[in-house]
Amino acid sequence: MTERKGRAKLDFLRNIEIEIQEKWEREKAFENDAPTTIGESTNKTKYFVTFPYPYMNGRLHLGHTFSLSKCEFAVGYQSMKGKKCLFPFGLHCTGMPIKACADKLKREMEVYGNPPQFPDEEEEEMVKPEVSDEFIIKDKSKGKKSKAVAKTGTATFQWDIMRSLGLSDQEIIKFAHAEHWLEYFPPLAIKDLKQMGVKVDWRRSFITTDVNPFYDSFVRWQFTTLKERKKIKFGKRYTVYSPKDGQPCMDHDRQTGEGVGPQEYTLIKMKIVEPYPAKFKAKVFYSSAMKGKNIFLVAATLRPETMFGQTNCWVRPDMKYVAFETTNGDIFIGTSRSARNMSYQGFTKENGVVPVAMEILGQDVLGCALSAPLTSYKIIYALPMLTIKEDKGTGIVTSVPSDAPDDIAALRDLKKKQALREKYGIEDKMVLPFEPVPIIDIPGYGNLSAPLVCDELKIQSQNDKEKLAEAKEKVYLKGFYEGIMLVDGYKGQKVQDVKKPIQKMMVERGEAMIYMEPEKQVMSRSADVCVVAHCDQWYLDYGDAEWKQQANEALKSLETFCDETRRNFEATLAWLQEHACSRTYGLGTRLPWDKQWLIESLSDSTIYMAYYTVAHLLQGGVLNGQGASPLGIKPGQMTREVWDFIFFKTSPFPKTDIPKECLQKLRREFEYWYPVDVRVSGKDLVPNHLSYYLYNHVAMWPKDSGKWPQAVRANGHLLLNSEKMSKSTGNFLTLCQAIDKFSADGMRLALADAGDTVEDANFVETMADAGILRLYTWVEWVKEMIANQNNLRTGPADTFNDRVFASEMNAGILKTEQHYDRMMYKEALKCGFFEYQAAKDKYRELAIEGMHRDLVFQFIEKQTLLLAPICPHLCEYTWGLLGKTGSLMKALWPAAGPVDEILIRSSQYLMETAHDLRLRLKAYLQPPKSKKGDTKPPAKPSHCNIYVAKSYPPWQHSALSLLGKHYKDNKGALPDNKVIATELGALPELKKYMKKAMPFVAMIKENLEKNGPRVLDLELEFDERTVVMENLVYLTNSLELEQIDVLFATEGDDKVKEDCCPGKPFSVFRSEPGVCVSLVNPQPFNGQFSTKVEIRQGDSGDSIIRRLAKVNRLIKDLSRVKLMRYEDPVQGPRQVPILGREEQGKLPVSNKSVFNVNLHEKKVTLVDNSLTVDIGDSLIYLVN
């Protein structure tokens, strides 16, 4: 981005913002309490909006700001609609990240000193794990890149990350204690948000974790209630787990892999049978741990039902494998990554420990004979495949060439290429006898789908990766969902129906096991590659059928603002099962009944919106809740029965020493503000936090649907200048940086303009810069209007353009209101600011007689109100300039007056006509085409005839009538062009116009889509000629013509009659000849100059002055110009003017005078009161 030349306009806006924010703080503008009267409490006109409290391990950035701006704009608008609004803002500290960062700083000081002296080049393996290059189908509902990585940039050490936040080494030391983070970042977040001007009730703010005794008590009450209602259970379950942290790793604990869950595989046990090949025999001989043991190659498959078709197994020759001992003494061979996963799932004697018997290369097991389950071949062999990846499964792959394109391609390679077999020591008997086994019949592909598709696509080898990917796409899903089994015992059954029974049978027979690993790589915030572990834990049973059904009931009545958000919710509720809610490491609240466990960050943040309603009365604005309570309540007094009384309206008054009126006040606050009217969040929280939000509300208030969430507004991620925000690339802005760079209102304007949908929005810095200029220009124009209000036109505001402007203002209010109601702020900004300003600019341009004072000040007031939710500071300032005494924050949304749609369309017609005339004038001035190339452009025209038609030409009239009939008969639809062409061709009056008829029909169809059925009307809804006549001066001036005559098409020639139709005027330009005359200004020192002007037949003095003003831009007010002629047209111009007596020897040209022109003699005479005089070749003009 180019640097700004200066900050004057920015500083002007910032100074206004600081002044206005101080005013709001003094007035406590955003503090709202529940009403105390019964009438107000029952007739609720309240609006309660929340935003997921941000995590306090750094400064707020533009991504946070984009989401919370939706809350901010909503509160501003709803307040103007007369609602009592509440926007509270909490600060989240629960979970691993803060504790992990603090511990990391401690470790760095222990290893590298204080302050740490890091080595120049550090090995990056500790933070850069292997990344899979496997193609993964993107799921829009799941998180993409690690937020942690995006925030920290390229820094490897935590100390460097802290330095990048502008902290000194002395300050960083304090951050080795987790408590310091809770004291340092929350006040900075509040400071930044206050600079943005958010309408937050800061009395209700708090931080989480057991540091805050009131919030800690609230979360313990919630979990006690959930456990009592059998929503929380304990037991072994598969979960993504960080061995380094020693606990489950949920979404908020992850550096990469948000939204990734455990993937279930069937682990196929293929026993290696003797005799062993020489290489493998030698390996086993020297390993005491493997002698006499059953040794298995284990392959992880997603398709256990295809094991009937195994012909071999694949091993990658150069891949490193481990042989390790399992709990029953058997030896499994797979990759060390898969062995690590298995060790946390009960495969090994000691949890998390892999007892490696031997490390081995893939080439060492090639040629091993295997006894595999379900296959029709008694013995199959381990063969080489070069494309196996290490980051999925076990590195051992079963081969089913009947249904897997990769398998048939690799098997054919080995069969065709003897050299390839010899290279890896594969004997012919291990490959050549094995043919694909038909096991599944797929409609359209038969019972050997993979060979068929490979032949169709002409796949030559296993290296044809693109074609193989296409082949897999063709057969895999179709095979699973439409395939029919052919094997005994399952014949005739659908593949998808037998997958689980076959898996169960193999597990029961000891031929297979259940194996889990993460769907994609997950990295914890402590830089640990996570596994799937089968471990004991407390979990929320989101898979419970009754609970799931209730959550779906809540979703039905939930406003989601767009279909994609609803679909994401539906998909999440369909697959969501248990969620581990407990941790042993991090910050948070302890489980009330099992204090070794902490409640994790996605579980203590589901109903805290209810806590907002009472936080100010318990904590009094002290973030950690350790100050004096405004009601004199102590945390220890907040028993379970007290919380029940506050939040459950049927609960009896508890046994407590808290005064009754205090508890009733707490209950009244909750009952008034709840439910949450809208919660705004990024779309990535739909599959986790927002779904848990629904679940927990229906669990806590199962019989009170009036407390369930009303609406969720999910938005996309924010790009910065069309690129992902990232510190590592420098494309990153914190909230305070954005305010410093663009001002609060400039930033807010750009945030509103960034986008409204669930697709990624885009904050464009050039737009923010342009916003600063727009806002500054707007307020300067307001000041100018206030200063010059006495020069504005008064009297009746009833000209054509007055009436149009009034209607456009009212229409703008209605459209903007609709967009604010739907939380579509980009559209609200477009209608309520950009287009509103454009309407004012159009009025200023068209109102030749001057703008009307009342309309100008109506516009300023309405514009201020429409823009107030988005740019409140500048609007509050403008409100003050208008002399309003109360705060804009108490003002109501403007009432829209009547809207004359026909009048607005007639004005639109005027603008389109003016545009069309300019294009025609441009075309008229183009030189005619000539082969010789010596043509000159025509002279600039002076006059124009505009022809308007009352009705369509007969052939168009007939076509339109036909279209109108079809439109009416077909209930708003038109038939195909072929049908229309046939019917038009049958009309005798259209015979000679058929070449023009269908293009005309195409134009009408296009306009019908844009403008609706009125385009089929045979006459216009307004008087075209009157509209043009009322704006004749504007059209004449804008086209720089002398005169425009408006005629009916019937007065024109045949071409005019044929081409002119209602709404499409026809113009004919012409140049009227004249005689050139000098216009001389004899006044000294006034900047005026002599010029030449053409005088034409019939000109008046006024028309000469208008023509002069076009060439002399210094003349603004035509009424101050006096036109004179010499008494002696021959001698007069030769005499030197006398200072102070410029009018001597000259006579005024009266308004009634008419100029006559003799073109042949190039002579001009003036007729005044029947007297004809020669004016010579000069006239005089004086400017008073």
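Small disclaimer: the values here were computed from a predicted structure and weren't measured.

## Brief notes about the overall build of the protein
Now for step 1: A tally of regular secondary structure across the protein gives 37 helices and 39 strands.
Now for step 2: Against the 2.2 N^0.38 benchmark of 32 Å for 1184 residues, the protein shows a C-alpha radius of gyration of 41 Å, more extended than a compact globule.
Now for step 3: Along the three orthogonal principal directions, the C-alpha set of the protein runs to about 135 × 85 × 65 Å.
Now for step 4: Per-residue burial over the protein gives 53% buried out of 1184 residues.

## What about the pattern of salt bridges?
Now for step 1: The final tally for this structure, using the stated rule, is 75 salt bridges.
Now for step 2: Notably, a salt bridge pairs Glu817 with Lys81, separated by 2.2 Å at the nearest N-O pair. Taken together, the positions of Glu817 in helix α26 (residues 800–821) and Lys81 in the loop between α3 (62–80) and β2 (84–86) put the pair 736 residues apart, joining distant regions of the chain.
Now for step 3: Taking the shortest distance from any N to any O, the salt bridge between Arg204 and Glu669 comes out at 3.2 Å. Placement of the pair is Arg204 in the loop between α8 (178–196) and α9 (213–228) and Glu669 in helix α21 (residues 660–673), with a sequence separation of 465 residues.
Now for step 4: For Glu669, a relative accessible area of 3% translates into the label buried.
Now for step 5: Three or more residues are tied together by salt bridges with common partners; here these are Glu31, Asp33, Asp201, Arg203, Arg204 and Glu669.

## Quick notes on the packing of helix α14 (residues 449–456) against helix α15 (residues 465–482)
Now for step 1: At a closest axis distance of 10 Å, the pairing of α14 and α15 adopts a crossing angle of 135°. By the angle class used here, α14 and α15 are oblique. As α14 runs across α15, the sense of the crossing is right-handed. Counting all contacts with α14, which are made through Ser449, Val453 and Cys454, the residues of α15 involved are Leu468, Ala471, Lys474 and Val475.
Now for step 2: The residue inventory of the contact of α14 with α15, partitioned by class, reads five nonpolar, one polar and one charged.

## Digging into the sheet that holds strand β36 (residues 1154–1158)
Now for step 1: Taken in spatial order, the three strands line up as β36-β37-β38 in an open sheet, and their pairing is antiparallel. Each edge of the open sheet carries a strand with a single partner, namely β36 and β38 (1171–1174). Neighbour to neighbour, the strand axes of the sheet diverge by 30° on average, direction disregarded.
Now for step 2: Where strand β37 (residues 1163–1168) and β38 come together, four bridges link them in antiparallel fashion.

## As for the environment of Asp391
Now for step 1: With respect to the helices, strands and loops of the structure, Asp391 is situated in the loop between β13 (380–384) and β14 (396–399).
Now for step 2: Since its relative accessible area comes to 25%, Asp391 is described here as partly exposed.
Now for step 3: For the pair Asp391 and Ser338, spaced 53 residues apart in the sequence, the C-alpha separation amounts to 8.7 Å.

## Brief notes about the environment of Pro119
Now for step 1: Mapped onto the elements of the fold, Pro119 is located in the loop between α4 (97–112) and α5 (147–152).
Now for step 2: Considered as a pair, Pro119 and Glu25 are 94 residues apart in the sequence and their alpha carbons are 50 Å apart.

## Considerations on the domain arrangement of the protein
Now for step 1: What the domain assignment reports for the protein is domain 1 (34–91 + 186–229 + 600–715), domain 2 (261–521), domain 3 (940–1070) and domain 4 (1074–1183).
Now for step 2: Taking the mean C-alpha position of each, domain 1 and domain 2 sit 54 Å from one another.

## A look at the sheet that holds strand β28 (residues 761–763)
Now for step 1: Strand order in the open sheet formed by three strands is β27-β26-β28, and the pairing between neighbours is mixed. Of all the strands in the sheet, just β27 (723–724) and β28 have a single pairing partner and so form its edges.
Now for step 2: With three bridges joining them, strand β26 (residues 718–720) and β28 adopt parallel strand pairing. Across the sheet, residue Leu718 finds its bridge partner in β28, namely Ala761.

## Comments concerning the pairing of strand β17 (residues 512–518)
Now for step 1: A large share of β17 lies buried, amounting to five of its seven residues.
Now for step 2: Pairing of strand β6 (residues 262–273) with β17 involves seven bridges; the strand directions are antiparallel. Bridge assignment links Tyr265 to a residue of β17, and that residue is Tyr515.

## Considering the UniProt feature "domain: Leucine--tRNA ligase ubiquitin-like" (unreviewed entry) in the protein
Now for step 1: UniProt annotation of "domain: Leucine--tRNA ligase ubiquitin-like" (unreviewed entry) refers to residues 1072–1183 when read in the numbering used here.
Now for step 2: Helix makes up 10% of residues 1072–1183 and strand 38%, with an end-to-end C-alpha separation of 28 Å.

## Some remarks on the packing of aromatic side chains
Now for step 1: Counted by the stated rule, this structure contains 74 aromatic pairs.
Now for step 2: Between Trp181 and Phe185, the aromatic rings sit 5.8 Å apart at their centres with planes inclined by 40°, giving tilted as the arrangement. With Trp181 and Phe185 both in helix α8, this residue pair falls four residues apart, about one helical turn. The burial state of Trp181 is the same as that of Phe185; both residues are buried.
Now for step 3: Ring geometry for Phe805 and Tyr843: centres 4.4 Å apart, planes at 15°, overall stacked. With a gap of 38 residues between them, Phe805 in helix α26 and Tyr843 in helix α27 (residues 825–846) connect regions that are remote in the sequence.
Now for step 4: Accessibility expressed as a relative area gives 2% for Phe805, which makes it buried.
Now for step 5: The class of Tyr843 is buried, set by a relative accessible area of 2%.
Now for step 6: Looking at Arg237, its charged tip hangs above the ring of Tyr539, at a distance of 5.6 Å from the centre.
Now for step 7: Positioned above the aromatic ring of Phe653, the side-chain terminus of Lys660 is 5.7 Å from the ring centre.

## A few points about unusual backbone geometry
Now for step 1: The omega torsion across Asn114 and Pro115 is -5°, close enough to zero to call that bond cis.
Now for step 2: With omega at 10°, the peptide bond leading from Tyr674 into Pro675 counts as cis.
Now for step 3: A positive phi angle is found at Leu374, which is not glycine, with a value near 75°.
Now for step 4: With respect to the helices and strands, Leu374 occurs in the loop between β12 (369–371) and β13.
Now for step 5: Here Ser722, not a glycine, exhibits a phi torsion of approximately 70°, which is positive.
Now for step 6: Tracing the backbone through its elements, the reader meets Ser722 in the loop between β26 and β27.

## Looking at the nonpolar core
Now for step 1: In terms of nonpolar packing, the biggest core is built from 122 residues, with Leu62, Trp181, Met747 and Phe763 touching the most fellow members.
Now for step 2: When neighbours within four sequence positions are excluded, Trp181 is seen to be in contact with Met56, Asn57, Ile98, Cys101, Ala102, Leu105, Gln158, Met162, Phe175 and Pro186.

## Quick word on the pairing of strand β3 (residues 232–242)
Now for step 1: The sheet contact formed by β3 and strand β19 (residues 531–541) spans ten bridges and is antiparallel. When the sheet's bridge partners are listed, Tyr238 is paired in β19 with His534.
Now for step 2: Two successive antiparallel strands, β3 and strand β4 (residues 247–248), enclose a turn made up of four residues, where Gly246 displays a positive phi of approximately 70°.

## Structural notes on the environment of Gly334
Now for step 1: If you trace the backbone, Gly334 turns up in strand β10 (residues 331–334).
Now for step 2: A relative accessible area of 0% places Gly334 in the buried class.
Now for step 3: Separated by 35 residues in the primary sequence, Gly334 and Ala299 place their C-alpha atoms 7.8 Å from one another.
Now for step 4: Aside from chain neighbours lying at most four places away, what touches Gly334 is Tyr321, Val322, Thr394 and Ile396.

## Focus on α15
Now for step 1: Taking 1.5 Å as the rise per residue, α15 with 18 residues should run 26 Å; its terminal C-alpha atoms sit 25 Å apart, in good agreement.
Now for step 2: Among all positions of α15, only Leu468, Ala471, Val475, Gly479 and Phe480 are buried.

Criteria and thresholds
Residues numbered from 1 in each chain as written. Predicted model: local features only at pLDDT ≥ 70, side-chain atom pairs only at ≥ 80, totals over all residues. Heavy atoms only, no water. Helix = DSSP H or I, 4+ residues; strand = E, 2+ residues; numbered from the N terminus. Rg over C-alpha atoms; globule rule 2.2 N^0.38 Å. Buried < 20%, exposed > 50% of the residue type's maximum accessible area, 1.4 Å probe, protein only. Salt bridge = Lys/Arg side-chain N within 4 Å of Asp/Glu carboxyl O. Axes fitted to C-alpha atoms, helices over the stretch in contact; angles between N-to-C directions. Parallel < 35°, antiparallel > 145°, perpendicular 65-115°, else oblique. Left-handed = near helix turned anticlockwise from the far one by under 90°. Contact = heavy atoms within 4.5 Å. Nonpolar A, V, L, I, M, F, W, Y, C, P; charged D, E, K, R; others polar. Pairing = 2+ DSSP bridges. Domains from an automatic or database assignment. UniProt positions renumbered as here; feature names shortened; annotations may be inferred. Phe/Tyr/Trp six-rings, centres within 6.5 Å; stacked < 30°, edge-to-face > 60°. Lys NZ or Arg CZ within 6 Å of the ring centre and 35° of its normal. Core = buried A, V, L, I, M, F, W, Y, C linked by side-chain atoms within 4.5 Å. Expected span 1.5 Å × (residues − 1).

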